[in-house]
Amino acid sequence: MEVVGERAERNQMIEVEDLTKTFGEGDDAVEAVRGVGFTVGEGEIFGLLGANGAGKSTTVLMLATLLAPTSGSARVAGFDLERDGGSIRRSVGAALQETGLDPIQTGGELLDLHARLYGFDGPAADARRDQLLELVGLEDAAGRRIGTYSGGMRRRLDLAAALVNRPRVLFLDEPTTGLDPASRRAIWEEVEQLRGEGVTVLLTTQYLEEADRLADRVAIMADGRIVANGTPEELKSGLGEDVIEVEFTDEAAAERAAVAIGGEARALAGEVRVPAADGPAELIRVVGTLKEAGIEAESVSLARPTLDDVFLGIVADEGDQA
Ligand SMILES: Nc1ncnc2c1ncn2[C@@H]1O[C@H](COP(=O)(O)OP(=O)(O)OP(=O)(O)O)[C@@H](O)[C@H]1O
Ligand SMILES: [Mg+2]
């Protein structure tokens, strides 16, 4: 019998090589994606992380066959993007940022329609619709018009619609943007359940916390390029040093403190974070500086870096190079 080791290579479900997309021509050209490459193994959740305009949606639209690349190549679910787009379309599901949900339709009608489009007939379409409504917890809202749904309910309906054809690869473009914490958690749990079933997921997000929680591997995109790639742990430990967290009661105090501390100190939402190679010594210096400047902190602590620190550090480095 063939022994398949635990470390046997997974099937690659998404393989992307040097993909680019330029919108427009000449002086007006926008290089949205500039040579992106990565692979995602079967059953993996891959997070594409980046700020507004980084090129996340453009990348997803190309891989979902909804936008033609300018150059480069990709295989999705084993099919070549250029030659076999039809097979890819049948194998993938996508919940995109710009949804075209019809407000007058009910959630049940929408799923029914999708099921029929994918070739389920009468009773099979009904059964698939009911399964999906249950999966995303929308049974009670199935007969209501989509126009009356909350943002979280729409995202869950979107997710259900993307799952109609039992895709092996699922593209989720910012699935939780704008949702409250409870709705966000509900989506996370659904995505984790799908991974448990062997579905490969490519999701984009601006929330570092989301990538950290869900993704097996993460690529950070900035300005059309991947600037870092690894497991959340690798990215965080690549930073290699602790971070001093200083909390303030108001944002203005945090801004003043960051200036006083100088160096790589960054203020964000009433908090200042300072990379600290020599932990405790730097902590003492920071506390001393704040005291001298007469800025009172709410709390000061030494912590492990978060993906936010990785992200902000990379974006700052990029800015230095530009
Ligand atoms: N159809 C288009 N025509 C022209 N430019 C476009 C088009 N679509 C996207 N762009 C540009 O390409 C760049 C990348 O956009 P993209 O939507 O991929 O970013 P994103 O990372 O998804 O951002 P967000 O987080 O805001 O969704 C941006 O500069 C955007 O303005
Ligand atoms: Mg986008």
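Everything that follows concerns the structure shown earlier in this document.
Owing to the predicted nature of the structure, the values given are computational and were not obtained by experimental measurement.

Asker: Pulling in residues and values, what's your account of the site of ligand 1?
Answerer: Taken together, 13 residues form the shell around ligand 1, and within it Phe23, Ala32, Lys56, Ser57 and Thr58 come nearest. Counting residues per element, the ones that place at least two in the shell around ligand 1 are strand 2 (30–41) and helix 1 (56–63). Top contributing element to the shell around ligand 1 by residue count: helix 1, with three residues. Its residues assigned to classes, the shell around ligand 1 comprises four nonpolar, eight polar and one charged.

Asker: An account of the sheet that holds strand 4 (residues 71–76) is requested, with residue identities and associated values reported.
Answerer: Two strands in a sheet stick together by hydrogen bonds in their backbones, pointing the same way (parallel) or opposite ways (antiparallel). Strand order in the open sheet made by the four strands is 2-1-4-5, with antiparallel pairing throughout. Each edge of the sheet is formed by a strand with only one pairing partner; in this case those strands are strand 2 and strand 5 (79–80). Contacts from helix 1 reach strand 1 (12–23), strand 2 and strand 4 within the one sheet, and its direction differs from that of strand 1 by about 120°.

Asker: Any chance you could break down the packing of helix 3 (residues 107–117) against helix 4 (residues 122–135) for me, citing the residues and the numbers?
Answerer: Across the interface, helix 3 lies against helix 4 with an axial gap of 9 Å and an inter-helix angle of 130°. One way to sum up the angle between helix 3 and helix 4 is to call them oblique. The hand of the helix 3/helix 4 crossing is right-handed. Between helix 3, through Gly108, Leu111, Asp112, Ala115 and Arg116, and helix 4, the contact on the second element is made entirely by Ala125, Arg128, Arg129, Leu132 and Leu133. Residue composition of the contact of helix 3 with helix 4, grouped by class: five nonpolar, one polar and four charged.

Asker: Can you tell me about helix 4, naming the residues and giving the values?
Answerer: Three or four residues apart is the spacing at which side chains of an α-helix point the same way, because the helix has 3.6 residues per turn. When the terminal C-alpha atoms of helix 4 are compared, their 20 Å separation across 14 residues agrees well with the 20 Å that a helix rising 1.5 Å per residue should span. Considered for burial, the residues of helix 4 that qualify are Ala125, Arg128, Arg129, Leu132 and Leu133. Seen end-on, helix 4 carries its buried residues on one side only, within an arc spanning 135°. Opposite the packed face of helix 4, turned more than 90 degrees from it, sit the exposed residues Pro123, Ala124, Ala127 and Glu134.

Asker: Would you mind going over the sheet that holds strand 13 (residues 271–276) in detail, with residue names and values included?
Answerer: Reading across from one edge, 12-13-11-14 is the order of the four strands in this open sheet, with antiparallel pairing throughout. Two strands close off the open sheet at either side, each with one partner strand: strand 12 (266–268) and strand 14 (299–303). Geometrically, the sheet is characterised by an average inter-axis angle of 25° between neighbouring strands, direction not taken into account. When strand 11 (residues 242–247) meets strand 13, the two strands line up antiparallel, connected through six bridges. Paired with Asp242 across the bridge in strand 13 is Ala276.

Asker: So what's going on with the nonpolar core? Which residues, and what values?
Answerer: Ranked by size, the top nonpolar core spans 66 residues in total, and within it Leu49, Leu63, Ala160, Phe171, Val201 and Leu202 carry the most contacts. Setting aside residues no more than four positions away along its own chain, Leu202 makes contact with Ile14, Val40, Phe46, Leu48, Val60, Leu63 and Phe171. Ranked by size, the runner-up nonpolar core spans 15 residues in total, among them Val243, Ala257, Ile261 and Val272.

Asker: Describe the pairing of strand 11, listing the residues and the values that go with them.
Answerer: Of the strand pairs in this sheet, strand 11 and strand 14 are connected by five bridges, and their pairing is antiparallel. Paired with Ile244 across the two strands is Leu302, which belongs to strand 14.

Asker: Give a description of unusual backbone geometry that names residues and reports values.
Answerer: Positioned with a positive phi, Asp18 is a non-glycine residue whose angle comes to about 50°. Mapped onto the fold, Asp18 is located in strand 1. For Asp18, a count of 13 C-beta atoms within 10 Å puts it in the partly exposed group. Even without glycine at this site, Thr65 takes up a positive phi of about 70°. By the element assignment, Thr65 lies in the loop between helix 1 and strand 4. Note on Thr65: 20 C-beta atoms within 10 Å, which makes it buried.

Calculation notes
- Residues numbered from 1 in each chain as written.
- Chains lettered and ligands numbered in written order.
- Predicted model: local features only at pLDDT ≥ 70, side-chain atom pairs only at ≥ 80, totals over all residues.
- Near = placed C-beta within 6 Å.
- Helix = DSSP H or I, 4+ residues; strand = E, 2+ residues; numbered from the N terminus.
- Nonpolar A, V, L, I, M, F, W, Y, C, P; charged D, E, K, R; others polar.
- Pairing = 2+ DSSP bridges.
- Contact = placed C-beta atoms within 7 Å.
- Axes fitted to C-alpha atoms, helices over the stretch in contact; angles between N-to-C directions.
- Parallel < 35°, antiparallel > 145°, perpendicular 65-115°, else oblique.
- Left-handed = near helix turned anticlockwise from the far one by under 90°.
- Expected span 1.5 Å × (residues − 1).
- Buried ≥ 20, exposed ≤ 12 C-beta atoms within 10 Å, placed from the backbone.
- Arc of directions from axis to C-beta.
- Core = buried A, V, L, I, M, F, W, Y, C linked by C-beta atoms within 7 Å.

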